[in-house]
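Structure at a glance
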Amino acid sequence: MTTIGLTTRDVARELARRYSTMTHDELDVLESILVPMKFQKGELILKEGEVASNIYWVVKGLIRQFYYKNGKELTEYMATENMICMSIESLFKEQPSRLQIQAIEPTIVFAMPKSRLEREAVRNVNIQMLYRKILEESLILSQIRADMLRFESAPERYAKLVKRAPQLVLRAPLVYIASYLQMTPETLSRVRTSALLDDKD
């Protein structure tokens, strides 16, 4: 399949480049696993109560992972092009997800069904390596965010996000960025203004 100028083969090559070296035959296997999916702005990719079955690779667009607590929407994670997203607890426990995944922009993702990945990983060491590296990356990103919220001030949190994911800062609504950084929109506005003034000095 061709999507926005990218074929499924192109996506398989990019995943292999990033996570694990692969032969031509291994790329064939990875390509056969990938499932292209399109979502409109605001559409849910994963709903609360569904059992997660896929790891998503974002090819175009912007998505967020969020949940409800005390009637409030809290954004836990955001991903743009060439980033991974999954509801990891639901995926591995095979239990209904408390998290939801939503397209913030018109979005194209390639889903990697966990069942297919695991079946091929048993037979192929490089598919196994790719699977492991994707999970490692997800766990590391979770730890980075947890440490950021524990140890860093609001300006430090914002500066780290700008450095790590500038496209998110440019494209995501402020309310989602504020929620992700665990600050009020008013605090985020002050932090952004201060950062802009510092850049001008």
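A few words on the overall build of the protein chain. Secondary structure assignment for the protein chain yields nine helices and ten strands. Computed over its C-alpha atoms, the radius of gyration of the protein chain comes to 18 Å, within 12% of the 17 Å expected for a compact globule of 201 residues. Considering only C-alpha atoms, the protein chain reaches an extent of 55 × 40 × 30 Å along its principal axes. For the protein chain, buried positions account for 44% of its 201 residues. Long-range pairs, those at least 24 residues apart, make up 69% of the contacts in the protein chain with a sequence separation of at least 6. With an accessible surface of roughly 10900 Å², the protein chain has 53% of that area assigned to carbon and sulfur atoms. Charge separation in the protein chain, taken as the distance between the mean sites of 29 positive and 26 negative side-chain charges, equals 2 Å.

Time to look at the pairing of strand 6 (residues 63-69). Across seven bridges, the pairing between strand 6 and strand 7 (residues 72-79) is antiparallel. Residue K69 lies in a different strand from strand 7, and its bridge partner there is K72. Connecting the antiparallel pair strand 6 and strand 7 is a turn made up of two residues, with N70 showing a positive phi of about 50°. Of the strand pairs in this sheet, strand 6 and strand 9 (residues 100-103) are connected by four bridges, and their pairing is antiparallel. Paired with F66 across the strands is Q100, a residue of strand 9.

Packing of helix 1 (residues 8-19) against helix 2 (residues 24-33) brings their axes to within 9 Å, and their N-to-C directions diverge by 115°. One element, helix 1, and the other, helix 2, form an angle in the roughly perpendicular class. Relative to helix 2, the crossing made by helix 1 is right-handed. Along its contact with helix 1, which presents T8, R9, A12, R13, L15 and A16, the element helix 2 presents H24, L27, D28, L30 and E31. Tallied by class, residues from the contact of helix 1 with helix 2 come to five nonpolar, two polar and four charged.

Right, let's get into the sheet that holds strand 9. Spatial strand order, 4-9-6-7: four strands in an open sheet with antiparallel pairing. Pairing within the sheet leaves two strands with one partner each, and these edge strands are strand 4 (44-46) and strand 7. Strand after strand, the sheet turns through a mean of 35° between neighbouring axes, direction not considered.

It is worth spelling out the pattern of salt bridges at this point. Overall, the coordinates contain 17 salt bridges when judged by the stated rule. Residue E120 is joined to R123 by a salt bridge in which the shortest nitrogen-to-oxygen separation is 2.9 Å. One end of the pair, E120, and the other, R123, are both in helix 4 (residues 114-123), three residues apart, so they sit about a helical turn from each other. E120 gets classed as buried once you look at its relative accessible area, which sits at 11%. When the shortest N-O distance is used, the salt bridge between K160 and E152 registers 2.7 Å.

Our next topic: the sheet that holds strand 3 (residues 35-39). In space, the four strands of this open sheet follow the order 3-10-5-8, with antiparallel pairing throughout. Whereas interior strands pair on both sides, the edge strands pair on one side only; in this sheet they are strand 3 and strand 8 (84-85). Summarising the sheet, strand 5 (residues 54-60) and strand 8 pair through two bridges and their orientation is antiparallel. Note on strand 8: the bridge partner recorded for W57 is I84. Packed on one face of the sheet, helix 1 meets strand 5, strand 8 and strand 10 (107-113) and runs near 110° to strand 5.

Definitions and limits used
- Residues numbered from 1 in each chain as written.
- Predicted model: local features only at pLDDT ≥ 70, side-chain atom pairs only at ≥ 80, totals over all residues.
- Heavy atoms only, no water.
- Helix = DSSP H or I, 4+ residues; strand = E, 2+ residues; numbered from the N terminus.
- Rg over C-alpha atoms; globule rule 2.2 N^0.38 Å.
- Buried < 20%, exposed > 50% of the residue type's maximum accessible area, 1.4 Å probe, protein only.
- Contact = heavy atoms within 4.5 Å.
- Areas by Shrake-Rupley, 256 points an atom, 1.4 Å probe, with all protein chains shown as cover.
- Lys, Arg positive; Asp, Glu negative; His and termini not counted.
- Charge placed at Lys NZ, Arg CZ, Asp CG, Glu CD.
- Pairing = 2+ DSSP bridges.
- Axes fitted to C-alpha atoms, helices over the stretch in contact; angles between N-to-C directions.
- Parallel < 35°, antiparallel > 145°, perpendicular 65-115°, else oblique.
- Left-handed = near helix turned anticlockwise from the far one by under 90°.
- Nonpolar A, V, L, I, M, F, W, Y, C, P; charged D, E, K, R; others polar.
- Salt bridge = Lys/Arg side-chain N within 4 Å of Asp/Glu carboxyl O.

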